Amino acid sequence: MSETHRISPETIEERLEVVTDPELDRSIVELDYIEDIEIDGGSVEVAFTLPTAWCSPAFAWMMMADARDAMAAHPAVSTARIRLRDHMHAAEINEGVNGDLAFGEAFEDADGEVESVRRELDGKARVARQYRATESLLDGGLQPEQIARLRREDLAIDPESSRATIRLNHDLSVCVEAESLERYLEKALATGIADEAEKRLFVTPEGEAIQPSEFETVHSRGRLAATNMTGQGHVCENLGASRIGSPSD
Amino acid sequence: MYQYEGEDVFVLDGHVHWWDASKDNISHEGGEQFIRCFYDYHTGFTPEERQWSLEEYRKYDKERMVRDMFGDGHADMGILQPTYLNEFYTEGFNTIDRCGELAEDHPSRFIVNGRFDPREGEAGLKELERQAEEFDVRGAKVYTAEWNGDSKGWRLDSEESFEYLEKCAELGIKNIHAHKGPTIRPLNRDAFDVADVDDAATSFPELNFVVEHVGLPRLDDFCWIAAQEPNVYGGLAVAAPLAESRPRKFGEIMGELLFWLGEDRILFGSDYAIWEPEWLIEAVMEAEMTPEQREEYGVELDLEVKKKIMGENAAKLYDIDIERQKEILRDDGVSEEFGLAEQYGEGTAVADD
């Protein structure tokens, strides 16, 4: 068995890194939601605690379902289970996610499924990530109207060097750090933006092409989406800190 | 009255409660969950030495509230915002009649707001008339995620809601404070979505819509709507405590609010008893934006701006002439009890010309 196929708390954590808190757009590993990882042969059970017992059940559900899927994708895992602790709906969520139920089946008074909530939050995360990607392009010397016009095919990311190349025309390319663009592209593709070569790379929060005259407004709205997410992140951290009794910074 | 760098800062706390979450008053587990959730917010943001016990927090008496607000708390006045939650609490959590008792004792200190819920039909409209008549309310608090039978919330832009907003306009209830804050319950967050404010604000230009908690965690949706609707305001409750624990983040949020709304449409609120105004007002008054933030947003959070946020903006919405009000406060029972008269200037010095 190769190293990547062996189950260990580290490899499980690595798998969970891709799972994000949908409201904050940050990894649940980085956010320290993992409490405990139990491995018994091919069975894995991971316990989680969220910053507050009142964390929206829809958000909690998404994180737990995504966590279970991410673990189950590990080739050496035969059974993956989650255990959410200290949440007002821990019972419904644990039973529902581990039992492969739909959200609407687990919560009989739920108003629909979680997919619409996920789409909305993914959309916001995309806008915030666009802000950061655009910032790096502005820092790299691109002009707003050049950024507004970019198409998916103008961007090439080299994972080896972690550099991104932006082709402005036949003769001119600009090279920048790839990270923010890579993160942006991931969320853009997940929300159906820039998923074909000739489509615009960046769009308005509503998904429309950006007119050069509205670049500033779109960029400010991206900043606002990022401020909202990090602001909410601080609120959650404070709630979480008070809950586990550790001081906030 | 709060003094900052030798200047008077009139504080009209735009969001305060006098609630009863004692065990005797809880009729549904939601009531217990609700107060515990509030308590998490209290302990999550209150400096440790200022935290209350859960028992104190469930129910506090009038005397304590008056002392916390005005005796020690730097506030000059407060707006009582009712929250009924009749499905959770036998006598309601924080009703207008309960708030009215406080306002009756201290009419110069408290403004009492009404409250409505369009799912209550004709009876609710009648009740709104009663509130206007008995309490002379100029504003109303609405809680769009409140439970009511099978319903887990309502929208400000619904037909029923518009009927109520029309009634508000007719009765002179011109300030609609919508709680659009952290998701507590119900299951999905749609009931605290801020989108419904947009259409309501467009349709009722004669009313002002104060979005409490600046929509957090939907600051982005809120600011974008407020940027387009001149009669939409932002209440700082929940954002304000970040001034104490996360000053840099607070500066950023203020940067966004000043950028999108400007300095005339932001209102301070302590959300008492979630937080006490004393440390909160001090923290907000001390808060500064970093030079990078000032440059990024192109706005200033200086003393003049803070004075607007702390009281002048709310005073405008509630037709309070601050200079005239100071004269009233100087001679009221609260000033007498806590020895505050001097803060409001000498009585004889007013008629100097």
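All values derive from a computational prediction rather than experimental measurement.

**Q** What should I look at first to understand the overall build of chain B in this one?
**A** When helices and strands are tallied, chain B shows 15 helices and 11 strands. Taking 2.2 N^0.38 as the reference for a compact globule, 353 residues should give roughly 20 Å; the C-alpha atoms of chain B span a radius of gyration of 19 Å, in line with that estimate. Referenced to the eigenvectors of the C-alpha coordinate spread, the extents of chain B come out at roughly 60 × 45 × 45 Å. Evaluated residue by residue, chain B yields a buried proportion of 65% over its 353 residues. Of all intrachain contacts in chain B linking residues separated by at least 6 positions in sequence, the fraction that spans at least 24 positions is 77%. Only carbon and sulfur atoms are counted for the fraction: they give 44% of the accessible area of chain B, which is about 13200 Å². Once the 36 positive and 80 negative side-chain charges of chain B are each reduced to a mean point, those two points are 3 Å apart.

**Q** In this structure, what is going on with the overall build of chain A? I would like to understand it.
**A** Of regular secondary structure, chain A possesses 8 helices and 8 strands. C-alpha extents for chain A along the principal axes are approximately 60 × 45 × 40 Å. Looking at chain A as a whole, 49% of its 249 residues qualify as buried. Long-range contacts, defined here as pairs at least 24 residues apart, represent 61% of the contacts in chain A between residues at least 6 apart. With an accessible surface of roughly 11700 Å², chain A has 45% of that area assigned to carbon and sulfur atoms. Here chain A contributes 25 positive and 50 negative side-chain charges, whose respective centroids are spaced 4 Å apart.

**Q** Would you mind going over the pairing of strand β10 (residues 232-235) of chain B with me for this structure?
**A** Strand residues, when the strand is regular, have side chains that alternate between the two faces of the sheet. Residues and elements named next belong to chain B. Both faces of β10 are covered, namely the face carrying V232 and G234 and the face carrying Y233 and G235. Pairing of strand β9 (residues 208-212) with β10, which is carried by 4 bridges, proceeds in the parallel orientation. Looking at the pairing, V210 lines up with Y233 of β10. In this fold, β9 hands off to helix α8 (residues 219-228), which returns the chain to β10; that crossover is right-handed. Pairing analysis gives 2 bridges linking β10 to strand β11 (residues 266-267), with the strands arranged parallel. Each bridged residue has a counterpart across the sheet, and for G234 the counterpart in β11 is I266.

**Q** Which parts of the structure should I look at to understand the pairing of strand β7 (residues 139-142) of chain B?
**A** Residues and elements named next belong to chain B. With burial as the criterion, each face of β7 is covered, one bearing G139 and K141 and the other bearing A140 and V142. Where strand β6 (residues 114-115) lies against β7, 2 bridges are found, and the strand directions are parallel. Counted as the bridge partner of G114 is A140 from β7. What joins β6 to β7 is helix α5 (residues 121-135), and the crossover it makes is right-handed. Of the pairings in the sheet, the one linking β7 to strand β8 (residues 175-179) comprises 4 bridges and is parallel in character. Residue pairing in the sheet places G139 in a bridge with N175 of β8. Between the parallel pair β7 and β8, the chain is carried across by helix α6 (residues 159-171), and the sense of this crossover is right-handed.

**Q** What is the right way to look at a negative patch on the surface in this model?
**A** A surface patch of negative charge is lined by E5, E48, E49, E244, E282, E286 and E288 of chain B. Looking at the secondary structure, you find E48 of chain B in the loop between α1 (29-45) and α2 (54-58).

**Q** Mind showing me how you'd approach the packing of helix α11 (residues 277-286) of chain B against helix α13 (residues 303-317) of chain B here?
**A** For any two helices packed against each other, one specifies the crossing angle of their axes together with the interaxial distance. Residues and elements named next belong to chain B. Following both chains from N to C, one finds α11 and α13 inclined at 150°, their axes separated by 10 Å at the closest point. Here I281, V284, M285 and E286 of α11 lie close against α13, whose contacting residues are L303, K306 and M310. Its residues assigned to classes, the contact of α11 with α13 shows 5 nonpolar, no polar and 2 charged.

**Q** What am I meant to see in the nonpolar core here?
**A** Core analysis: the largest hydrophobic core is formed by 133 residues, its most contacted members being W19, M65, F116, L165, F209, F222 and L257 of chain B. Once residues within four sequence positions are removed from consideration, F116 of chain B is found in contact with L128, A140, K141, V142, W154, Y164, L165, C168 and I176 of chain B. L50, V97, F103 and C236 of chain A belong to the second largest nonpolar core, which has 41 residues in total.

**Q** Help me understand the interface of chain B and chain A in this model?
**A** Much of the literature gives interface size as the accessible area that the parts lose upon coming together. Facing 35 residues of chain B, the contacting portion of chain A comprises 37 residues. Summing the contributions of chain B and of chain A, the shared interface buries around 3400 Å²; its carbon and sulfur component is 55%. At the surface where chain B touches chain A, the tally comes to 5 salt bridges. Note that R246 of chain B and E237 of chain A form a salt bridge whose closest N and O atoms lie 3.3 Å from each other. Across the chain B-chain A interface, the total number found is 15 residue pairs in polar contact (both at pLDDT 80 or more). Elements with a contribution of two residues or more to the side of chain B that touches chain A: α1, α8, α9 (242-245), α10 (247-260) and α12 (291-297) of chain B. A per-element tally of the side of chain B that touches chain A places α1 of chain B first, with 8 residues. Across the side of chain B that touches chain A, the residue classes break down as 16 nonpolar, 6 polar and 13 charged.

**Q** Would you mind going over helix α7 (residues 179-190) of chain A with me for this structure?
**A** In an α-helix there are 3.6 residues to a turn, and that puts residues three or four apart on one side. Residues and elements named next belong to chain A. When the terminal C-alpha atoms of α7 are compared, their 17 Å separation across 12 residues agrees well with the 16 Å that a helix rising 1.5 Å per residue should span. For α7, the complete set of buried residues consists of S180, L181, Y184, L185, K187 and A188. Elements in contact with the buried residues of α7: α5 (115-139), β6 (155-158), β7 (163-167) and β8 (173-177).

**Q** Where do I start with the sheet that holds strand β3 (residues 12-16) of chain B in this structure?
**A** What links the strands of a sheet is backbone hydrogen bonding, and the strands pair in either a parallel or an antiparallel sense. Residue and element names in this part refer to chain B. The parallel open sheet is built from 3 strands, whose spatial order is β3-β4-β5. The sheet is open, and its two borders are formed by β3 and β5 (110-112), each paired with just one other strand. Across this sheet, the average inter-strand angle for adjacent strands is 20°, counted without regard to direction. The sheet contact formed by β3 and strand β4 (residues 77-80) spans 3 bridges and is parallel. For L12, the partnering residue across the bridge sits in β4 and is M77.

**Q** Explanation requested: the pattern of salt bridges in the structure shown.
**A** When the charged atoms of two side chains with opposite charge come close together, those side chains can pair. Residue and element names in this part refer to chain A. A complete count under the given rule lists 53 salt bridges over all chains for this structure. Of the charged contacts in the structure, one is a salt bridge between E115 and R118, with a shortest N-O distance of 3.5 Å. With E115 and R118 both in helix α5, this residue pair falls 3 residues apart, about one helical turn. By relative accessible area, which is 41% here, E115 ends up partly exposed. Given a relative accessible area of 22%, R118 falls into the partly exposed group. What you see here is one network of salt bridges that share partners, running through D25, R129, R183 and E186.

Reading the values: the criteria
- Per chain, the residues get numbers from 1 upward, laid out in the order the sequence is written.
- Chains and ligands are labelled by the order in which they are written, letters from A for the one and numbers from 1 for the other.
- Totals for whole chains, interfaces and linings use every residue, but because this is a predicted model, local features are given only for residues with pLDDT of at least 70 and side-chain atom pairs only at 80 or more, for both listing and counting.
- To obtain the side-chain values, all non-hydrogen atoms of the structure were used and water was disregarded.
- Strands are runs of DSSP state E lasting at least 2 residues, helices are runs of H or I lasting at least 4, and numbering of each runs from the N terminus.
- Just to be clear, the radius of gyration here is over C-alpha atoms, and the globule rule we use is 2.2 Å times residues to the power 0.38.
- For every residue, the accessible area obtained with a 1.4 Å probe (protein chains only) is divided by the maximum for its type, and the residue is called buried under 20%, exposed over 50%, and partly exposed between those limits.
- Contacts are assigned to residue pairs that have any heavy atoms within 4.5 Å of one another.
- The Shrake-Rupley method, run with a 1.4 Å probe, gives the accessible areas here. Residue values count only the displayed protein chains as cover.
- Charged residues are defined here as Lys and Arg on the positive side and Asp and Glu on the negative side; His and the ends of the chain fall outside this count.
- Here the site of a charge means atom NZ of a Lys, CZ of an Arg, CG of an Asp or CD of a Glu.
- When DSSP finds two or more bridges between a pair of strands, those strands are recorded as paired.
- Viewed with both strands pointing away, a crossover whose connecting path from the first strand over the helix to the second turns clockwise is right-handed.
- To count toward a patch, a residue needs a relative accessible area above 30% and no salt bridge. Like charges then connect within 9 Å, nonpolar side chains (Val, Leu, Ile, Met, Phe, Trp, Tyr) within 5 Å.
- Salt bridges, as used here, are contacts in which a Lys or Arg side-chain nitrogen is within 4 Å of a carboxyl oxygen on Asp or Glu.
- Orientation is described by axes fitted as lines to C-alpha atoms, over the contacting stretch for helices, and by angles from 0 to 180 degrees between their N-to-C directions.
- Each residue is assigned to one of three groups, with Ala, Val, Leu, Ile, Met, Phe, Trp, Tyr, Cys and Pro labelled nonpolar, Asp, Glu, Lys and Arg labelled charged, and all others, Gly among them, labelled polar.
- The criterion is simple. A nonpolar core is a set of buried Ala, Val, Leu, Ile, Met, Phe, Trp, Tyr and Cys residues joined through side-chain atoms within 4.5 Å.
- The quantity reported as buried area is the accessible area (1.4 Å probe) lost by two parts once they are put together, taken as the sum for both.
- Pairs of N or O atoms are called polar contacts if they sit within 3.5 Å, as long as, within protein, a hydrogen donor faces a hydrogen acceptor (for residues adjacent in sequence, only side-chain-to-side-chain pairs).
- A helix's residues, less one, multiplied by 1.5 Å, set its expected span.

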